[in-house]
Amino acid sequence: YAALSYCWGKSKKTTTTTIHNLHEHIEAGFSYELLGKTIQDAVSITRSIGVRYLWVDALCIIQGSEDEARADWQTESSRMAAVYGNAYVTIIAADSPTSDSGILRKRSIIRESSISQDGFTQRRIYSAFRNTKILEAASSTPNIWSTRAWTFQEAVLSRRALLYTDQKKYWKCGHGLLSEDGKLARSTLIHRLTRNLVEQDWHLVIEEYTKRRLSNGNDKLPALSGLASLYHRGNATPYLAGLWNTTLLSDLLWRTEISAELMPQHTQSYRAPSWSWASVDGPV
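Residues numbered from 1 in each chain as written. Predicted model: local features only at pLDDT ≥ 70, side-chain atom pairs only at ≥ 80, totals over all residues. Heavy atoms only, no water.

Details of the overall build of the protein chain
Then, in step 1: Along the protein chain, the regular secondary structure elements total 10 helices and 13 strands.
Then, in step 2: In the protein chain, buried positions account for 45% of the 284 residues.
Then, in step 3: When contacts within the protein chain are restricted to residue pairs at least 6 apart in sequence, long-range pairs at least 24 apart make up 66% of them. (Helix = DSSP H or I, 4+ residues; strand = E, 2+ residues; numbered from the N terminus. Buried < 20%, exposed > 50% of the residue type's maximum accessible area, 1.4 Å probe, protein only. Contact = heavy atoms within 4.5 Å.)

Right, dumping it as structure tokens:
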């Protein structure tokens, strides 16, 4: 199966699975036309590469405020390491701000200029670029996808990814980040973590993760739970609300960072112990 990493945004056309239509979705399915354009394009990509199944959170996790829906969300959100880690490939809609904005859109035009040499020969100059930071921190990329907290672990957990931007497609795997023109981009933080998440990397994870935004502040720890479970399998140490038992002394030395976009502040309701970075919103 393929998995989709995307932004819901304020979409007007988001088809979801709820307790009211769950039986219908399982027994009779649903119309392709009812899906948002981003999900429709993900279906097309999945079919084009010969994969039969596509995992989409809006469809594969029961949505809603009912007890059954909340219980399903708690169960499934804790399985993100398995969902994205075991996917054949993850389709990343990097420049799609909503679920109905689409992935396969007309590309941005790169300006073409011409010059004359000695008044006789006219030559054209083509501008080209390599966005080597496409999978880096939110501050270094313009797309909305890279500013969302949930998408961070989705990208790190995915062993293979097809990343679609308005200019290029990228392929990410354990060997590197390759653009469609055949150029190998430099190693990124997400690429390095994909290959080997070690003890020293956890502080880098927290620094990158806390730069990103959450629609629901209560998702602060759940949106990182997939990475935490992966880290725990390799280190077998107790997890303490975003910190680790064996490195607790150094983990406690976190501090907030004042940003022009995100001012750190304590949460109004309880989310984590005050000694945990998860108790505050903003960069750490």
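Here's the deal with the packing of helix 6 (residues 149–157) against helix 9 (residues 225–235)
The geometry of a pair of packed helices is captured by two quantities: the angle between their axes and the separation between those axes.
Then, in step 1: Direction vectors running N to C along helix 6 and helix 9 enclose 40°, while the axes themselves pass 8 Å from each other. By the angle class used here, helix 6 and helix 9 are oblique. Contacts between helix 6 and helix 9 involve Phe 152, Gln 153, Val 156 and Leu 157 from the former and Ser 225, Gly 226, Leu 227 and Leu 230 from the latter. (Axes fitted to C-alpha atoms, helices over the stretch in contact; angles between N-to-C directions. Parallel < 35°, antiparallel > 145°, perpendicular 65-115°, else oblique.)

As for the nonpolar core
Then, in step 1: Residues Phe 152, Trp 202, Leu 224 and Trp 277 are the most contacted members of the largest nonpolar core, which totals 39 residues.
Then, in step 2: Here this core takes five residues from helix 6, the largest share from any one element.
Then, in step 3: Setting aside residues no more than four positions away along its own chain, Phe 152 makes contact with Ile 190, Leu 193, Val 205, Glu 208, Tyr 209, Arg 212 and Leu 227.
Then, in step 4: Counting residues in hydrophobic clusters, the runner-up holds 18 residues, among them Ala 2, Leu 35, Val 89 and Leu 162. (Core = buried A, V, L, I, M, F, W, Y, C linked by side-chain atoms within 4.5 Å.)

Digging into unusual backbone geometry
Then, in step 1: Look at Ala 241: it is not a glycine, yet its phi comes out positive at around 50°.
Then, in step 2: Here Ala 241 is to be found in the loop between strand 10 (239–240) and strand 11 (243–244).

Overview of helix 8 (residues 202–209)
The periodicity of an α-helix, 3.6 residues per turn, causes residues three or four positions apart to be oriented the same way.
Then, in step 1: For helix 8, the full list of buried residues reads Trp 202, Val 205, Ile 206, Glu 208 and Tyr 209. Projected down its long axis, helix 8 carries its buried residues within an arc of 165°, all on one side. (Arc of directions from axis to C-beta.)

Digging into the packing of aromatic side chains
Then, in step 1: Per the stated rule, a full pass over the model turns up eight aromatic pairs.
Then, in step 2: Plain terms: the ring middles of Trp 55 and Tyr 84 are 5.7 Å apart, the flat faces sit at 75° to each other, and that makes the pair edge-to-face. Linking Trp 55 in strand 2 (residues 54–55) with Tyr 84 in helix 5 (residues 80–85), this pair joins segments that are 29 residues apart in sequence.
Then, in step 3: Tyr 84 sits in the buried class, given a relative accessible area of 1%.
Then, in step 4: Consider the rings of Tyr 209 and Trp 277, whose centres lie 6.1 Å apart with planes at 80°: the pair is edge-to-face. Note that Tyr 209 is positioned in helix 8 and Trp 277 in the loop between strand 12 (265–266) and strand 13 (280–281), a separation of 68 residues in sequence.
Then, in step 5: Judged by relative accessible area, Trp 277 falls into the buried class, the value being 2%.
Then, in step 6: By way of ring pairs, the aromatic residues Trp 202, Tyr 231, Tyr 239 and Trp 244 are connected into one cluster. (Phe/Tyr/Trp six-rings, centres within 6.5 Å; stacked < 30°, edge-to-face > 60°.)

Examining the side chain of Arg 271
Then, in step 1: With respect to the helices and strands, Arg 271 occurs in the loop between strand 12 and strand 13.
Then, in step 2: In terms of polar contacts, Arg 271 uses its side chain to reach the side chain of Asp 281, at 2.9 Å.
Then, in step 3: Beyond its immediate sequence surroundings of up to four residues, Arg 271 is in contact with Gly 217, Asn 218, Lys 220, Leu 221, Ala 278, Ser 279, Val 280 and Asp 281. (Polar contact = N/O pair within 3.5 Å; in protein donor to acceptor, adjacent residues only side chain to side chain.)

Considerations on the layout of surface pockets
Then, in step 1: Looking at the largest pocket, its volume works out to about 1000 Å³.
Then, in step 2: Taken together, 32 residues make up the lining of the largest pocket; nearest its centre are Trp 8, Trp 73, Trp 150, Ser 215 and Asp 219.
Then, in step 3: Of all the elements in the fold, those that place two or more residues in the lining of the largest pocket are helix 4 (67–77), helix 5 and helix 6.
Then, in step 4: Considering each element in turn, the lining of the largest pocket owes the most residues, five residues, to helix 4.
Then, in step 5: Per-class residue counts for the lining of the largest pocket are 15 nonpolar, 10 polar and seven charged.
Then, in step 6: Volume-wise, the second largest pocket comes out at about 560 Å³.
Then, in step 7: For the lining of the second largest pocket, the secondary structure elements donating two or more residues are helix 1 (22–27), helix 2 (37–48), strand 2 and helix 3 (57–60).
Then, in step 8: Sort the elements by how many residues they give to the lining of the second largest pocket and helix 2 lands first, with four residues.
Then, in step 9: The class makeup of the residues in the lining of the second largest pocket is 17 nonpolar, four polar and three charged. (1 Å grid on protein atoms, 1.4 Å probe; cavity = no way out; pocket = protein on both sides within 12 Å on 5 of 7 lines; lining within 4 Å. Points joined across faces, edges and corners; volume = space filled by probe spheres on them. Nonpolar A, V, L, I, M, F, W, Y, C, P; charged D, E, K, R; others polar.)

Re the environment of Ala 161
Then, in step 1: Within the fold, Ala 161 resides in strand 6 (residues 161–164).
Then, in step 2: Under the relative-accessibility criterion, Ala 161 is labelled buried at 1%.

A short note on the pattern of salt bridges
Then, in step 1: Evaluated as defined, the whole model comprises six salt bridges.
Then, in step 2: Across the pair Asp 41 and Lys 37 runs a salt bridge whose closest N-O atoms are separated by 2.7 Å. You can see Asp 41 and its partner Lys 37 sitting in helix 2, four residues apart, about one turn around the helix.
Then, in step 3: On the basis of relative accessible area, Asp 41 is assigned to the buried category, the value being 5%.
Then, in step 4: Among the ionic pairs, Arg 105 bridges to Asp 166, the shortest N-O distance being 2.7 Å. Pair noted here: Arg 105 is in the loop between strand 3 (89–93) and strand 4 (112–117) and Asp 166 is in the loop between strand 6 and strand 7 (169–173), with a separation of 61 residues, a long-range link.
Then, in step 5: The partly exposed category is assigned to Arg 105, whose relative accessible area is 28%. (Salt bridge = Lys/Arg side-chain N within 4 Å of Asp/Glu carboxyl O.)

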